[in-house]
Every structure is written in C-alpha cells, then in structure tokens.
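What follows is each chain in one-letter form.
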Amino acid sequence: QYTPYMADNPSQLSPIHLYDLTTQNITVSPSDAWTTYDVAWSKSEQYIAYFGPAEQSYTLSVWEPNTNNVTDILDDVEYRDINSYHWAPNGNQLAISTQPIDGSNQLHIWDSKTNDLALIPFYRSYPKDIALSWSPDGEWLAFIRPQDADNRTTEGFLRAYSLEQARVQPIAPVVYPPDEKI
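Residues numbered from 1 in each chain as written. Predicted model: local features only at pLDDT ≥ 70, side-chain atom pairs only at ≥ 80, totals over all residues. Heavy atoms only, no water.

1. A look at the overall build of the chain
Right, so step 1: Secondary structure summary: the chain contains zero helices and 17 strands in total.
Right, so step 2: Classification of the 182 residues of the chain by burial places 41% in the buried group.
Right, so step 3: Of the contacts made within the chain by residues no fewer than 6 positions apart, 30% connect residues no fewer than 24 positions apart. (Helix = DSSP H or I, 4+ residues; strand = E, 2+ residues; numbered from the N terminus. Buried < 20%, exposed > 50% of the residue type's maximum accessible area, 1.4 Å probe, protein only. Contact = heavy atoms within 4.5 Å.)

So, in structure tokens, the structure goes:
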C-alpha cells in the first residue's frame, strides 16, 4: 500500500517520502531521517532502514513512519563501510554486512522488537560477505563468503546462519554471478 522514494537529485541530502497508494497521502520523514542513499522497506511495512548523516558521521538507522521514531543502529565511526542491509521476510530482523575500521568483515542481525544487535560469529573474516538472502520463512540467512580476500575472483563458499541454532553452517563451494545475487 506504500512506496518510499527519494528526491530527484540523489546526490543531495533529502527526506524520505512515503506515498500511500490508497489515500494518495505523502508522509515525510523527520529531519533526523534524511539520506542520500537507498532505503530498504521492511516486508511488514513498519520500518524503513537507511544510511544517512548523523552528527559527525553516517549512521545506519531505522525510521518507523507510524510513530515517527528513528532508531540508530550502527555508525561509520566504528565501521569503514556498511556494505549492505536486508530485511527478513517477517519484517522484524535486519541483516547488516559491515566492514570495521580494522578491515575485517562482520555480519550482524538487528531485531526490531528487542533492539538487540547480534554479531554473527565467524572463524575467518574476509573484507566482504556478499549476496545476503533470507529464507522465505526468515529462519535462515544465506550469504557467500568470497574465496579471495581481495574479491578478485567469483569463487566462494555459500554459508547459512540459523537464527534458531545461532550458528553458521557451510553449504557448498560456489561460483557466484557478477551481480552478486543469490
């Protein structure tokens, strides 16, 4: 029933606009929920995740249009890059791939109901996990861990994280497509 969109000029800081397809009303995000980047709308249509400026840094935040609340999750003071973020099918968990200042890679899951940010443990850390994809039931998060630390090849290993078991399970070696989607 809703569609989020940004202003015409993507290089300028602007609010997030939320267009209601039924009523044709437009809701505009509060001043602390402006961004120059893409937004990720949760499947439950309760939350919009975005990466935007906050004080002296950039922050991954979530805006709740129904309450106008903004929750900051991660900022780039601690992280060199926030690679990607994807909502679970239930709309309650947000998977976040980050690159901390030390150059390693981390994968987190933020829970909107508890506001907990869990770090998914790994025995090895490469610069970038790619192709995050949730299972249809939202119980598993699949991702590809590149074989090459510099991401110079398209070979890697498909892994899956179980929310219920709180562990990573190796699945299979893969050759992934250049668009990094699974």
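On we go from here.
2. Structural notes on the pairing of strand 13 (residues 116-120)
Right, so step 1: Bridge count for strand 12 (residues 106-111) against strand 13 is five bridges, and the pairing is antiparallel. Counterpart to Leu107 in the pairing with strand 13 is Ile120.
Right, so step 2: Linking two consecutive strands that pair antiparallel, namely strand 12 and strand 13, is a turn of four residues; a positive phi of about 65° is found at Asn115 within it. (Pairing = 2+ DSSP bridges.)

3. Considering the environment of Ile73
Right, so step 1: Considering the arrangement of structural elements, one finds Ile73 in strand 9 (residues 69-75).
Right, so step 2: Relative accessible area serves as the criterion here: at 14%, Ile73 is assigned to the buried category.
Right, so step 3: Distance from Ile73 to Ser61, taken between C-alpha atoms, is 5.3 Å for residues twelve residues apart in sequence.
Right, so step 4: Excluding its chain neighbours within four sequence positions, the residues that come into contact with Ile73 are Thr59, Leu60, Ser61, Val62, Leu94, Ile96, Trp110 and Leu117.

4. Looking at the pairing of strand 16 (residues 155-162)
For a regular strand, the rule is simple: side chains alternate between the two faces of the sheet.
Right, so step 1: The pairing of strand 16 with strand 17 (residues 167-175) spans eight bridges and is classified as antiparallel. Note that in strand 17 the partner of Glu155 across the bridge is Val175.
Right, so step 2: Hairpin connection, strand 16 to strand 17: the antiparallel pair is bridged by four residues, and Ala166 has positive phi, about 55°.

Structural measurements only, silent on function.
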